[in-house]
Amino acid sequence: MNVIVCVKQIPDPALPGALDGATNTLKRDGKLILDDSDAYGVEMALQLVDAAGGGEVSIISMAPNGETAGMRTALAMGAAKGVLVSDPALQGSDALTTAKILAAAAQRLGGADLIIAATESSDGYTGTVPEQMAEVLGLPSVTFAKKVKIDGGVLKADRQTEEGYDEVECALPALISVTAGVVEPRYPSFKGIMAAKSKPVEEVSASDLGVTPAGWAGAGQKVTLVAQAEARQAGEIVEDDGESFGKIVAFLENLKVI
Amino acid sequence: MAINSVWVFAQVTNGAATTGTLELLTKARSLSSNVTAVLGGDASGVAAQLGEYGATKVYATGDLAGKLPGVAVSGAMKAIIDSGDKPDLILFPQNYEGRDVLSRLSVKLNKSVLTNSIDVAVDGDAVNATTPIFGGNTLVTTTFTGEGPYLVAFRPKSFAAEASGGAPAAIAAANVPDLGATGGAKVTAVHVEETTGPKLDEASIVVSGGRGLGEADKYAMVEELAKLLKGAPGASRAIVDAGWVPYSYQVGQTGKVVKPSVYIAAGISGATQHMVGMKGAKNIIAINKDKEAPIFGIADLGIVGDVHKVLPKLIEALKGR
Ligand SMILES: Cc1cc2nc3c(=O)[nH]c(=O)nc-3n(C[C@H](O)[C@H](O)[C@H](O)COP(=O)(O)OP(=O)(O)OC[C@H]3O[C@@H](n4cnc5c(N)ncnc54)[C@H](O)[C@@H]3O)c2cc1C
Ligand SMILES: Nc1ncnc2c1ncn2[C@@H]1O[C@H](COP(=O)(O)O)[C@@H](O)[C@H]1O
């Protein structure tokens, strides 16, 4: 069983985000790390391949400046190899272009029995890339998969819904998107980190993959205004002295909700 | 370009259109008098309601027989567009099914999508959508270029649902084409979580708990407080991911958007992704032991204290009333 995992490399979410004044796109020129949301997909892929008793996990990523730091984390966890699509022409790509690029990268690896992505990325969170990718590749998909197993060549998943969950069966090859908390991502071991340094990552450009137009030229929309939203003001802040519950009671009384 | 025709991807639960659907219909009819709902399912029970909120027509696929809406409804939409009925704008709810249908359709039409939006307006020839970023601190306006249909997904509660008193929407059949390999997924069982009390996204009081509660058992305090206030219990994603409460309790960017009259956050730090789901509340009360917690930046009343001390006393005080 071969699994491809999409891993996005993003600016450290702990740092404040910023827009590039010239293009109004998110700044991504600093150091990038593995999006935490994708660590779950990597772990799930490793577990599924393990359970199948053979095969390998490959990773694909699209990122500027030949960045591989985040991919190395996935390789250190146990993925075997990767394809990085890095091309100045891809700067500012919209979700559809990203999906086309990632689909082409998956094809470059010869496809897989299963492709895994996260339900949404931490920085862009459009949440459309996985399902768009499935459509580009002509694959069935199960988005928001919680429990996932392969049983007799069929994917069985619990799919999160607004009111609960659905049990879904899906033929392979397929694509799934997973949410945080589905599995507990392993920490890369020292051995894993050392091994990751020599694992193959092929770097390709958009034109190597035959995908055009990319970047801004491919987007059917442009940012025309960036403005500050009205900020909410803080009110009264009190240290609890053992009696502050009374403040809450008074506050609620004042609003006539109690 | 002028907007002549607007579609809304409609959803139905328990035999009624969802609030999100009614919100989008209300917006749609302010943009065009030609509003069509597209539904993955049977429309006979909801045509009147869809019409009341502004849809003149509803395309319905009929029972999806276990097919997932993403592939099925997008396939049906593409077939209608190919047959010549082409909208200028399609509004989707930013939720699971909305996103799936939107994504599949965007590839079929080779059109970009805009997601997480909170408004759309027509200004002369331009169609502009507004999207908050950085937790809502910054608003970005995006203008569509080229030909429609423009595809936009909206965060819940971006618009207030108001009935227009329109006649029932005319039902038209939408055929789901042969999905080929993409139709390989089938729903085999549906599970609905039992809930009591007001719905989280409709309650006028919401009490949410976060990781500061320390352990799963302590969430009982949040439930008890919510019950005493006739409100709904909610949660941060941290404790949903930890498995303390089901996903349906989650408030935030990837969970429910709530706009209650009072929101009480207990042991929640106030990450931007949480705040976008609740900062529309009229009044916010926060209890957190860290006085630097970002949640205090938007709280009307902030208690710097231990939830294990403040909540039990608060519960006792309310019980005694
Ligand atoms: C793409 C993406 C989407 C996301 N979507 C959501 C979403 O929809 N909703 C959401 O909530 N989050 C979401 N998150 C996660 C979000 O970034 C935070 O990780 C999460 O909200 C933190 O939850 P928390 O406040 O409970 O936990 P923490 O951030 O760990 O905060 C716990 C707080 O409790 C306080 N505390 C500890 N002990 C006590 C005590 N005894 N008494 C009082 N206070 C105490 C601490 O001071 C701290 O402030 C998302 C993240 C990403 C990347
Ligand atoms: N540039 C990228 N490289 C690799 N994977 C990506 C990229 N963009 C999106 N993805 C995958 O698609 C998921 C959803 O992304 P998004 O639609 O941006 O919210 C991410 O969590 C990743 O798994």
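Observations concerning the overall build of chain B
Scanning chain B for helices and strands turns up eight helices and 18 strands. In terms of C-alpha radius of gyration, chain B reaches 21 Å, essentially the compact-globule figure of 20 Å for 321 residues. With 321 residues in all, chain B has 57% of them scored as buried. Within chain B, contacts between residues at least 6 apart in sequence are counted, and of these 64% link residues at least 24 apart. When the accessible surface of chain B is split by element, carbon and sulfur atoms take 49% of a total near 12,100 Å². Side chains of chain B give 29 positive and 29 negative charges; the mean places of these two sets differ by 4 Å.

Things to note about the site of ligand 2
Residue and element names in this part refer to chain A. As a structural note, the neighbourhood of ligand 2 is formed by 19 residues, with Asp-38, Met-62, Ser-121, Thr-126 and Gly-127 the closest of them. A distance of 3.0 Å separates a nitrogen atom of ligand 2 from a polar atom in the backbone of Met-62. At 2.8 Å from an oxygen atom of ligand 2 is found a main-chain nitrogen or oxygen belonging to Ser-121. Put simply, the parts of the chain that give the shell around ligand 2 at least two residues each are strand 4 (57-62), helix 3 (95-108), strand 6 (114-118) and helix 4 (129-137). Tallying contributions element by element places strand 4 first for the shell around ligand 2, with three residues. Looking at the shell around ligand 2, its residues break down into 10 nonpolar, six polar and three charged.

Here we look at the site of ligand 1
Taken together, 27 residues form the shell around ligand 1, and within it Ser-236, Val-251, Thr-254, Ser-269 and Gln-273 of chain B come nearest. More than one chain reaches ligand 1: the nearby residues come from chains A and B. Here Val-251 of chain B contributes a backbone N or O atom positioned 2.8 Å from a nitrogen atom of ligand 1. Note that an oxygen atom of ligand 1 is positioned 2.7 Å from one of the side-chain N or O atoms of Gln-273 of chain B. For ligand 1, whose unbound accessible area comes to 980 Å², protein coverage reaches 83%. Mapped onto the shell around ligand 1, the elements with two or more residues apiece are helix 6 (237-241), helix 7 (272-275) and helix 8 (307-319) of chain B.

Some points on helix 3 (residues 69-82) of chain B
Helix length check: helix 3 of chain B, at 14 residues, gives a terminal C-alpha distance of 19 Å against a target of 20 Å (1.5 Å per residue), a fit within 8%. Burial within helix 3 of chain B is extensive, with 11 of its 14 residues counted as buried. The complete set of buried residues in helix 3 of chain B reads Pro-69, Gly-70, Val-71, Ala-72, Val-73, Ser-74, Gly-75, Ala-76, Met-77, Ile-80 and Ile-81 of chain B. Elements in contact with the buried residues of helix 3 of chain B: helix 4 of chain A together with strand 1 (6-10), strand 4 (35-39), strand 5 (57-60), strand 6 (89-93) and helix 4 (96-109) of chain B.

Here we look at the nonpolar core
Ile-60, Ile-115 and Met-133 of chain A together with Met-77 and Phe-92 of chain B are the most contacted members of the largest nonpolar core, which totals 48 residues. Per-element accounting of this core gives the leading share, eight residues, to helix 3 of chain A. Not counting the four nearest positions on each side in its chain, Met-77 of chain B is found in contact with Trp-7, Phe-9, Val-38, Ile-90, Phe-92, Val-101 and Leu-105 of chain B. Ranked by size, the runner-up nonpolar core spans 42 residues in total, among them Val-5, Ala-79 and Val-183 of chain A together with Ala-185 of chain B.

Looking at the pairing of strand 9 (residues 164-171) of chain A
Taken together, the seven bridges between strand 8 (residues 154-160) of chain A and strand 9 of chain A define a ladder with antiparallel strand orientation. Along strand 9 of chain A, the bridge assignment pairs Arg-159 of chain A with Asp-166 of chain A. Linkage of strand 8 of chain A to strand 9 of chain A, two consecutive antiparallel strands, is achieved through a turn of three residues. Relative to strand 13 (residues 185-192) of chain B, strand 9 of chain A is paired through seven bridges, and the arrangement is antiparallel. From the neighbouring strand, Gly-164 of chain A faces strand 13 of chain B, where its bridge partner is Val-192 of chain B.

Quick look at the packing of aromatic side chains
As enumerated under the stated definition, the model contains seven aromatic pairs over all chains in all. Through a chain of ring-to-ring contacts, the aromatic side chains of Phe-144 of chain A together with Tyr-96 and Tyr-247 of chain B assemble into a single cluster.

What about the interface of chain B and chain A?
Of the residues lining the interface, 85 residues belong to chain B; the matching set on chain A comes to 74 residues. For chain B, the biggest contributors to the area lost against chain A are Tyr-96, Arg-104 and His-191 of chain B; these three give 10% of the whole. Our enumeration of links across chain B and chain A arrives at seven salt bridges. Here Arg-159 of chain A ties to Asp-100 of chain B by a salt bridge, and the two come within 3.0 Å at their closest N and O atoms. Connecting chain B to chain A are 44 residue pairs in polar contact (both at pLDDT 80 or more). The element that contributes the greatest number of residues to the side of chain B that touches chain A is helix 4 of chain B, accounting for 10 residues. Residue classes in the side of chain B that touches chain A are distributed as 36 nonpolar, 31 polar and 18 charged.

Considering the sheet that holds strand 5 (residues 81-85) of chain A
Strand order in this open sheet of 10 strands is 11(A)-5(A)-4(A)-1(A)-6(A)-10(A)-7(A)-8(A)-9(A)-13(B), and the pairing throughout is mixed. Bordering the open sheet on either side are strand 11 (201-204) of chain A together with strand 13 of chain B, each of which pairs with just one other strand. Neighbour-to-neighbour, the strand axes of this sheet turn through a mean angle of 30 degrees, independent of strand direction. Where strand 4 of chain A lies against strand 5 of chain A, five bridges are found, and the strand directions are parallel. Residue pairing for strand 5 of chain A: Ser-58 of chain A is matched across the bridge by Lys-81 of chain A.

Reading guide: rules and limits
Residues numbered from 1 in each chain as written. Chains lettered and ligands numbered in written order. Predicted model: local features only at pLDDT ≥ 70, side-chain atom pairs only at ≥ 80, totals over all residues. Heavy atoms only, no water. Helix = DSSP H or I, 4+ residues; strand = E, 2+ residues; numbered from the N terminus. Rg over C-alpha atoms; globule rule 2.2 N^0.38 Å. Buried < 20%, exposed > 50% of the residue type's maximum accessible area, 1.4 Å probe, protein only. Contact = heavy atoms within 4.5 Å. Areas by Shrake-Rupley, 256 points an atom, 1.4 Å probe, with all protein chains shown as cover. Lys, Arg positive; Asp, Glu negative; His and termini not counted. Charge placed at Lys NZ, Arg CZ, Asp CG, Glu CD. Near = heavy atom within 4 Å. Polar contact = N/O pair within 3.5 Å; in protein donor to acceptor, adjacent residues only side chain to side chain. Nonpolar A, V, L, I, M, F, W, Y, C, P; charged D, E, K, R; others polar. Expected span 1.5 Å × (residues − 1). Core = buried A, V, L, I, M, F, W, Y, C linked by side-chain atoms within 4.5 Å. Pairing = 2+ DSSP bridges. Phe/Tyr/Trp six-rings, centres within 6.5 Å; stacked < 30°, edge-to-face > 60°. Buried area = accessible area lost by both parts, 1.4 Å probe. Salt bridge = Lys/Arg side-chain N within 4 Å of Asp/Glu carboxyl O. Axes fitted to C-alpha atoms, helices over the stretch in contact; angles between N-to-C directions.

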